[in-house]
Amino acid sequence: MSHRLIARSPDLLAMRNDGYNLEIRNGYLLVKDVPYVTASATVREDGVLIAKLDTQVIDGHERTRKPDNHVAYWTGEHPCHADGSKLRSFENPSEAQDFGGGVKADFTFSARNNYRDYEHKMLGYLGWIVGEARKLREVTAQTHPVYATDEEDDDIFHYIDTASSRVHIGADNEKLEKQRVAIIGVGGTGSYILDLIAKTRVAEVRLFDGDRFDTHNAFRAPGAWSLTELEAKKSKVENLFDIYSKLRRKGLVKHDEPLTQDNLHLLEGITFAFISMDNGKAKRVIVDWLTSNGVMFIEVGMGIVRAPAGLQGIVRVVSCTPEKQDHINGRVSFSTDDEAENEYSTNIQIAELNALNAALAVIRWKRMIGFYRDAGREYSTTYQIATGELCNEERA
């Protein structure tokens, strides 16, 4: 199947976004899983509506053009009215045909019209066929199938990102395609950052963490794990890599080791870094490398304490670019007492605050690279849990 042809043809893309099960095979467009009424006045949901595809090349890319005829084909029993009588408005006496490549038609349809595109043509036929089936029970041809990508598509995902195409943000997503992102620390907040980043079209996501994925991690990370999976005692990186490899065909790089002075070369080539770690000394080394190499980054963290009226504290997001670095020492935590002031190990963490911390960081990143409009240009954001207030400071 050529997903690229569908993506570049507005008529086919509109049908796919609306949930129709499309396939392109041997030069024909197939709409599958079509409900229809049989001669016994019962509903089947396995009909296939077929049309010969007419295409053209524009700016070096193939896409559909206006259909050159009104003929369509059908695989299945002949569609009928709700009472079982044959639909004759578009009946054609042609014999069954084999078009090759597994495309076979049991019947030929002929509904004369000046079809402007394939969406217009196929929905016209579907309206007659499915409309009769709906008189008997609630059915639809909009089955929202999963579209697996293939080698021809050379996509980063194992299946088509219909979420983006449905809302027409494909051009916006192209701004992410050259990004090579490091997530340094994939614990509570870092795992949520991964969840959000993995679902974008970034070219590469490098994961860094030397810790094991233990039971408490399962309660502050996205998703759910079985007892058997937890008993495997995998590292955080290995565990999360396994999960998000189900989504991404390529671009995930795992380093189940902490970043130190000795292996900073593993960061070479990245365009952005998220730092979600506790060790202040190690963080200082990483921040120094990022700033000296002109790499933008965001550091996240939180501090939650018990109070008589309930938990309270602050969630923070600190960003840095080559143009603005003078705020780093005052905003980034470089605590050297890793036991007494370890914000990730000794302070309370709760999943919704980890998720919020990650979401604020990823939104800030997308603003910094132009996916979202960046009117505020703040470099420090804090969220006050008790009051629900967001405070933006350190503006450029």
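Just so we're clear, the structure is a prediction, and the values are computed from it rather than from any experiment.

### What to know about the pattern of salt bridges
Once their charged atoms are close, side chains differing in charge can pair, the charge on each being opposite to the other. For the structure on display, the rule yields 29 salt bridges. The shortest N-O distance in the salt bridge between Arg331 and Glu393 comes to 3.2 Å. Residue Arg331 is found in helix H11 (residues 328-331), and its partner Glu393 is found in strand E18 (residues 389-393); the two are separated by 62 residues along the sequence. For Arg331, a relative accessible area of 26% puts it in the partly exposed group. A relative accessible area of 31% means that Glu393 is categorised as partly exposed. The partner of Arg367 in a salt bridge is Glu378, with the nearest N and O atoms 2.6 Å apart.

### Examining the environment of Leu49
Within the element layout of this structure, Leu49 appears in strand E3 (residues 43-52). Take Leu49: its relative accessible area is 0%, and that puts it in the buried class. The spacing of Leu49 and Thr108 is 59 residues in sequence and 9.8 Å in space, taken between C-alpha atoms. With near-sequence residues (within four places) excluded, Leu49 lies in contact with Leu29, Leu30, Val31, Val34, Ala72, Tyr73, Trp74, Phe109, Met122, Tyr125 and Leu126.

### A word on the side chain of Ser9
Here Ser9 lies in the loop between helix H1 (3-8) and helix H2 (10-17). In this structure Ser9 comes out as buried when scored by relative accessible area, which is 0%. In this view, Ser9 contacts Arg63 and Thr64; residues no more than four positions away in its chain are not counted.

### Focus on the sheet that holds strand E11 (residues 180-184)
Backbone-to-backbone hydrogen bonds pair the strands of a sheet. The strands run either parallel or antiparallel. Within the open sheet, the 8 strands sit side by side as E13-E12-E11-E14-E15-E16-E17-E18. Their pairing is mixed. Both edges of this open sheet fall to strand E13 (252-255) and E18, since each of them pairs with a single strand only. The sheet shows a mean angle of 15 degrees between the axes of neighbouring strands, taken without regard to direction. Alignment of strand E14 (residues 272-275) against strand E15 (residues 296-305), held across 4 bridges, turns out to be parallel. From the neighbouring strand, Ala273 faces E15, where its bridge partner is Phe297. Against the sheet, helix H12 (residues 351-368) contacts E11, E14, E15, strand E16 (312-320), strand E17 (380-384) and E18, and its axis sits at roughly 155 degrees relative to E15.

### Looking at the sheet that holds strand E7 (residues 91-92)
With antiparallel pairing, 6 strands are arranged side by side in an open sheet as E1-E2-E3-E6-E10-E7. In this open sheet, the two strands that pair with only one neighbour each are strand E1 (21-25) and E7. The pairing of E1 with strand E2 (residues 28-37) spans 5 bridges and is antiparallel. Residue Asn21 lies in a different strand from E2, and its bridge partner there is Lys32. Contacts from helix H3 (residues 118-134) reach E2, E3, strand E6 (71-75) and strand E10 (107-110), with the element oriented near 15 degrees to E2.

### With respect to the environment of Asn92
Inspection of the secondary structure assignment puts Asn92 in strand E7. Taking the C-alpha atoms as reference points, Asn92 and Thr108, separated by 16 residues in sequence, lie 5.5 Å from one another. If we skip the residues at most four places from it in the chain, Asn92 touches Thr108, Phe109 and Ser110. A distance of 2.6 Å separates a polar atom in the side chain of Asn92 from a polar atom in the side chain of Ser94.

Each value, and the rule that gives it
Residues numbered from 1 in each chain as written. Predicted model: local features only at pLDDT ≥ 70, side-chain atom pairs only at ≥ 80, totals over all residues. Heavy atoms only, no water. Salt bridge = Lys/Arg side-chain N within 4 Å of Asp/Glu carboxyl O. Helix = DSSP H or I, 4+ residues; strand = E, 2+ residues; numbered from the N terminus. Buried < 20%, exposed > 50% of the residue type's maximum accessible area, 1.4 Å probe, protein only. Contact = heavy atoms within 4.5 Å. Pairing = 2+ DSSP bridges. Axes fitted to C-alpha atoms, helices over the stretch in contact; angles between N-to-C directions. Polar contact = N/O pair within 3.5 Å; in protein donor to acceptor, adjacent residues only side chain to side chain.

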